[in-house]
Amino acid sequence: LESLEAVARDVRAALRHEERRCGYVSREAALMLAAAADASDDDERLKRQLAASALARELKGALDGAIERGRVRVRFNRWIAVSARLAVAPTERGDDDATSESSAASDVDGDDDDGSWPG
């Protein structure tokens, strides 16, 4: 839970920075709202928002990475990066290799450990 809170804090700080710097969050939110305005269902709404908004795609990529790999790696507005590993919870099988230790190694400034970034 601590690592998830740390990631959320870093994402919040990055988005706040981009909003203050250039109005990125407001602009992208308007695009998402406009894209979803006449969608007939949630699936169509999401598809339209992802097609219209870079922020929607960035947030989806961050969430997918957290769920699939336990790692968040995102660059907002092609400018500010957030990279963090989430603590791994023990599996239901009782796998001894999994630990619940905190490993929220966050990197808000974009100085990533292996230099590769999505997109």
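Preceding this paragraph is the structure being described.
Let me begin by describing the structure that accompanies this report. Predicted, not measured: the structure shown is a model, and the values here were computed from it. (Residues numbered from 1 in each chain as written. Predicted model: local features only at pLDDT ≥ 70, side-chain atom pairs only at ≥ 80, totals over all residues. Heavy atoms only, no water.)

Some words on the environment of Ile-80
Here is step 1: By the element assignment, Ile-80 lies in strand S2 (residues 80–85).
Here is step 2: For the pair Ile-80 and Ala-13, spaced 67 residues apart in sequence, the C-alpha to C-alpha distance is 10.0 Å. (Helix = DSSP H or I, 4+ residues; strand = E, 2+ residues; numbered from the N terminus.)

Re the packing of helix H1 (residues 2–22) against helix H2 (residues 24–36)
Here is step 1: Taken N-terminus to C-terminus, the directions of H1 and H2 make an angle of 95°; their axes are 6 Å apart at the nearest point. The angle between H1 and H2 falls in the class roughly perpendicular. Along the contact surface, H1 presents Leu-15, Glu-18, Glu-19 and Cys-22, while H2 presents Tyr-24, Val-25, Ser-26 and Arg-27.
Here is step 2: Of the residues assigned to the contact of H1 with H2, the class counts are 4 nonpolar, 1 polar and 3 charged. (Axes fitted to C-alpha atoms, helices over the stretch in contact; angles between N-to-C directions. Parallel < 35°, antiparallel > 145°, perpendicular 65-115°, else oblique. Contact = heavy atoms within 4.5 Å. Nonpolar A, V, L, I, M, F, W, Y, C, P; charged D, E, K, R; others polar.)

Looking at the side chain of Ser-83
Here is step 1: Mapped onto the elements, Ser-83 comes out in strand S2.
Here is step 2: Here Ser-83 falls in the buried class, since its relative accessible area comes to 2%.
Here is step 3: Only 2.8 Å separates the side chain of Ser-83 from the side chain of Arg-71, close enough to count as a polar contact. (Buried < 20%, exposed > 50% of the residue type's maximum accessible area, 1.4 Å probe, protein only. Polar contact = N/O pair within 3.5 Å; in protein donor to acceptor, adjacent residues only side chain to side chain.)

Some words on the pairing of strand S1 (residues 71–76)
Here is step 1: As defined by bridge partners, S1 adjoins S2 across 6 bridges and the pair is classed as antiparallel. Bridge assignment links Arg-73 to a residue of S2, and that residue is Ser-83.
Here is step 2: Taking the residues between adjacent antiparallel strands as the criterion, S1 and S2 are bridged by 3 residues, where Asn-77 takes a positive phi near 55°. (Pairing = 2+ DSSP bridges.)

Some details on H1
Here is step 1: Along its 21 residues, H1 runs 30 Å from first to last C-alpha, staying within 8% of the 30 Å computed at 1.5 Å per residue.
Here is step 2: If you check which residues of H1 are buried, you get Ser-3, Ala-6, Val-7, Asp-10, Val-11, Ala-14, Leu-15 and Glu-18. Taken end-on, H1 shows its buried residues confined to a sector of 165°, consistent with a single buried face. Facing away from the buried surface of H1 by more than 90 degrees, the exposed residues are Glu-2 and Arg-20. (Expected span 1.5 Å × (residues − 1). Arc of directions from axis to C-beta.)

Function cannot be read off these values alone, since they describe shape.
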